[in-house]
Amino acid sequence: MSTEQITAPSATLTESQVHEAADRLVAAFAATDTAAYFRCFATEASFVFHTEPRRLDDRAAYERLWAAWVAEGWRVESCRSTARLVQVHGDTAVLSHDVLTTTSTNGREETTRERETIVFRLIDGDLLAVHEHLSAQPEDER
C-alpha cells in the first residue's frame with residue numbers, strides 16, 4: 001500500500017470565473033481577433049477538431065493553421081455559445097457547450113453546429129484553456 005499523500009489543489013475556481021474565461025475566448029473567436037483569441041490558451045494546449053486530420057499538440061500548431069485560414073480569406077462572422085455545463089475540479093474546470101458558428105472565406109459563408117469541450121486551468125493567476133475538443137453536433141439534436 002502506498003503511503004503517498006494526495007494534496008488538494010491550491011486554488012478553487014468558481015463557475016463564474018469559467019464562464020468569464022469562456023466568454024472572452026468566444027468573443028475573441030467571434031471577432032477573428034487572433035491576438036486576443038490565442039491569449040486565452042496556454043502554450044502547451046492541445047486541440048482536437050473533427051475537421052482536421054490529426055490532433056494539434058500545442059498552441060503554436062493551431063496558430064499556424066489559423067494563420068493559413070486567414071491568409072486564404074477566412075474569418076468568423078458570428079459565434080454563439082449555448083447549453084453550457086461547467087464542472088469545476090479545484091484549479092481545473094471543464095466547460096462543454098453547443099456552438100453555432102458562421103464563418104466566411106472570401107465572402108462565401110458557412111454555418112456549423114458543433115459541440116465543444118474546453119478544459120481550463122488556473123496557471124499563474126490566469127485561467128487559460130489547456131485543451132479544446134470540437135465535434136460535429138448530430139443532426140437529430142439540431
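Report on the accompanying structure. Every chain's residues receive numbers from 1 upward, in the order its sequence appears when written. Only residues with pLDDT of 70 or above have their local features reported here, since the model is predicted, and side-chain atom pairs are shown and tallied only from 80 upward, although totals for entire chains, interfaces and linings are computed over all residues. Side-chain measures were taken over the full set of non-hydrogen atoms in the model, leaving aside hydrogen atoms and water.

A word on the environment of Arg84
Phase 1 of the analysis: Turning to its location among the elements, Arg84 is positioned in strand β2 (residues 74-89).
Phase 2 of the analysis: Residue class for Arg84 comes out partly exposed when judged on its relative accessible area of 26%.
Phase 3 of the analysis: C-alpha separation for the pair Arg84 and Ala22, spaced 62 residues apart in sequence, amounts to 9.9 Å.
Phase 4 of the analysis: Should any heavy atoms of two residues lie within 4.5 Å, those residues are counted as being in contact. Leaving out residues up to four positions away in the same chain, Arg84 has contacts with His19, Ala22, Asp23, Val26, Leu95, Ser96 and His97.
Phase 5 of the analysis: For the purposes of these results, a polar contact is taken to be a pair of N or O atoms within 3.5 Å, where, inside protein, one atom must be able to donate a hydrogen and its partner to accept one; residues adjacent in sequence count only when each atom of the pair is a side-chain atom. Here the side chain of Arg84 touches His19 through a polar contact of 3.2 Å, side chain to side chain. Helix and strand labels come from DSSP, where a helix needs a run of H or I of at least four residues and a strand needs a run of E of at least two; each type is numbered from the N terminus. For every residue, the accessible area obtained with a 1.4 Å probe (protein chains only) is divided by the maximum for its type, and the residue is called buried under 20%, exposed over 50%, and partly exposed between those limits.

Things to note about the pairing of strand β4 (residues 108-123)
Phase 1 of the analysis: Pairing between two strands is assigned when DSSP locates at least 2 bridges connecting them. Pairing of strand β3 (residues 92-105) with β4, which is carried by 14 bridges, proceeds in the antiparallel orientation. If you follow Thr103 over to β4, its bridge partner there is Glu110.
Phase 2 of the analysis: As paired strands, β4 and strand β5 (residues 126-136) are joined by 10 bridges and run antiparallel to one another. What sits directly across from Ile123, in β5, is Asp126.

With respect to the side chain of Glu132
Phase 1 of the analysis: Within the fold, Glu132 resides in strand β5.
Phase 2 of the analysis: Charged residues are defined narrowly, with Lys and Arg counted positive, Asp and Glu counted negative, and His plus the chain ends left uncounted. Should a side-chain nitrogen of Lys or Arg be within 4 Å of a carboxyl oxygen of Asp or Glu, the pair is scored as a salt bridge. Buried Glu132, no salt bridge; nearest opposite-charge side chain is Arg84, N-O distance 11 Å.
Phase 3 of the analysis: If sequence neighbours within four positions are ignored, Glu132 has contacts with Leu25, Tyr37, Phe41, Ser46, Phe47, Val48, Phe49, Tyr62, Glu116, Thr117 and Ile118.

Description of unusual backbone geometry
Phase 1 of the analysis: Even without being a glycine, Thr32 presents a positive backbone phi close to 50°.
Phase 2 of the analysis: Structurally, Thr32 is set in the loop between α1 (15-30) and α2 (34-38).
Phase 3 of the analysis: With a phi close to 50°, Asn106 is a non-glycine residue in the positive phi region.
Phase 4 of the analysis: By the element assignment, Asn106 lies in the loop between β3 and β4.
Phase 5 of the analysis: Classification of Asn106 by relative accessible area gives exposed; the value is 64%.

Side note on the sheet that holds strand β1 (residues 41-49)
In a beta sheet, neighbouring strands are held together by backbone hydrogen bonds and run either parallel or antiparallel to one another.
Phase 1 of the analysis: Spatial strand order, β1-β5-β4-β3-β2: five strands in an open sheet with mixed pairing. One side of each edge strand has no neighbouring strand; the edge strands of this open sheet are β1 and β2. The sheet shows a mean angle of 20° between the axes of neighbouring strands, taken without regard to direction.
Phase 2 of the analysis: Throughout, an axis means a line fitted to C-alpha atoms (over the contacting stretch in the case of helices), and angles, computed between N-to-C directions, take values from 0 to 180 degrees. Strands in contact with α1 are β1, β2, β3, β4 and β5; relative to β2, the strand with the most contacts, it is inclined by about 170°.
Phase 3 of the analysis: Most of the contacts of helix α3 (residues 59-71) go to β1, to which it runs at about 65°, and overall it touches β1, β2 and β5.

Some remarks on the layout of surface pockets
Phase 1 of the analysis: Approximately 520 Å³ is the volume found for the largest pocket.
Phase 2 of the analysis: Surrounding the largest pocket, 24 residues form its lining, Phe29, Trp74, Thr103, Glu114 and Leu134 being those nearest its centre.
Phase 3 of the analysis: Where the lining of the largest pocket is concerned, the elements lending two or more residues are α1, α3, β2, β3, β4 and β5.
Phase 4 of the analysis: The class makeup of the residues in the lining of the largest pocket is 11 nonpolar, seven polar and six charged. Only protein atoms enter the 1 Å grid used here, on which a cavity is any set of points holding a 1.4 Å probe that cannot leave and a pocket is any open set flanked by protein within 12 Å on both sides along at least five of seven lines; residues with an atom within 4 Å of a point are listed as lining. Grid points are joined across faces, edges and corners, and a volume is the space filled by probe spheres set on the points. By the convention adopted, Pro, Cys, Tyr, Trp, Phe, Met, Ile, Leu, Val and Ala count as nonpolar, Lys, Arg, Asp and Glu as charged, and the other residues, Gly among them, as polar.

Structural notes on the state of the cysteines
Linking two cysteines covalently through their sulfur atoms gives a disulfide.
Phase 1 of the analysis: Note on terminology: pairs of cysteine sulfur atoms within 2.5 Å are recorded as disulfides. Under the counting rule described, the total for this entry stands at zero disulfides.
Phase 2 of the analysis: Cysteine Cys40 shares no disulfide, and the gap to the nearest cysteine sulfur, in Cys79, comes to 12 Å.

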